[in-house]
Amino acid sequence: MRNTSAITGYSADVRLGLIVDDHAYALSQIGPNCIVPRSTVTLQACEVDVVMHTDGHRRVWRVWLSDGVSPENTFART
């Protein structure tokens, strides 16, 4: 697979976040069935909004955190 940023000199600006009850948390990763917070956070199982900014375009979708998130379990199933 070719590295397109090396060919074009372009790299997308991507920011990931999680919003719960008007509190925002940075995410380090998202996947089809999971999220990974950037720092330690504790949340019970609940509905949350995942926010992805890609080159100034914002996308938000609601997911259910099945098991919540804790310092011991930073990989959260959605």
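Here's a quick rundown of the structure. All figures in this text were calculated on a predicted structure; none of them were measured in a lab.

Thresholds, definitions, all that
- Residues numbered from 1 in each chain as written.
- Predicted model: local features only at pLDDT ≥ 70, side-chain atom pairs only at ≥ 80, totals over all residues.
- Heavy atoms only, no water.
- Helix = DSSP H or I, 4+ residues; strand = E, 2+ residues; numbered from the N terminus.
- Buried < 20%, exposed > 50% of the residue type's maximum accessible area, 1.4 Å probe, protein only.
- Contact = heavy atoms within 4.5 Å.
- Areas by Shrake-Rupley, 256 points an atom, 1.4 Å probe, with all protein chains shown as cover.
- Lys, Arg positive; Asp, Glu negative; His and termini not counted.
- Charge placed at Lys NZ, Arg CZ, Asp CG, Glu CD.
- Polar contact = N/O pair within 3.5 Å; in protein donor to acceptor, adjacent residues only side chain to side chain.
- Salt bridge = Lys/Arg side-chain N within 4 Å of Asp/Glu carboxyl O.

### Description of the overall build of the chain
Helix and strand counts for the chain come out as 1 helix and 6 strands. From first element to last, N terminus to C terminus, the chain shows the α and β order α-β-β-β-β-β-β. The C-alpha extent of the chain, read off along each of the three principal axes, is 45 × 25 × 20 Å. Buried positions account for 28% of the 78 residues belonging to the chain. Partitioning the contacts of the chain with sequence separation of at least 6, the portion at a separation of at least 24 is 43%. Accessible surface computed for the chain: about 5,600 Å², of which carbon and sulfur atoms make up 49%. For the chain, the separation between the mean place of its 7 positive charges and that of its 8 negative charges on side chains is 9 Å.

### A short note on the side chain of Asp49
Tracing the sequence through the fold places Asp49 in strand β4 (residues 46-54). On the accessibility criterion, Asp49 (18% relative accessible area) is buried. Within polar-contact distance, the side chain of Asp49 engages the side chain of Arg62 at 2.9 Å.

### Digging into the pattern of salt bridges
Enumeration over the complete set of coordinates arrives at 3 salt bridges. Among the salt bridges present, the one from Arg62 reaches Glu47, with a minimum N-O distance of 3.7 Å. In this pair, Arg62 is assigned in strand β5 (residues 57-65) and Glu47 in strand β4, connecting sequence segments 15 residues apart. One salt bridge connects Arg77 with Asp67, and the closest N-O pair in it is separated by 2.7 Å. Separated by 10 residues along the polypeptide, Arg77 in strand β6 (residues 76-77) and Asp67 in the loop between β5 and β6 bring together distant segments of the chain. The network of salt bridges with shared partners includes Glu47, Asp49 and Arg62.

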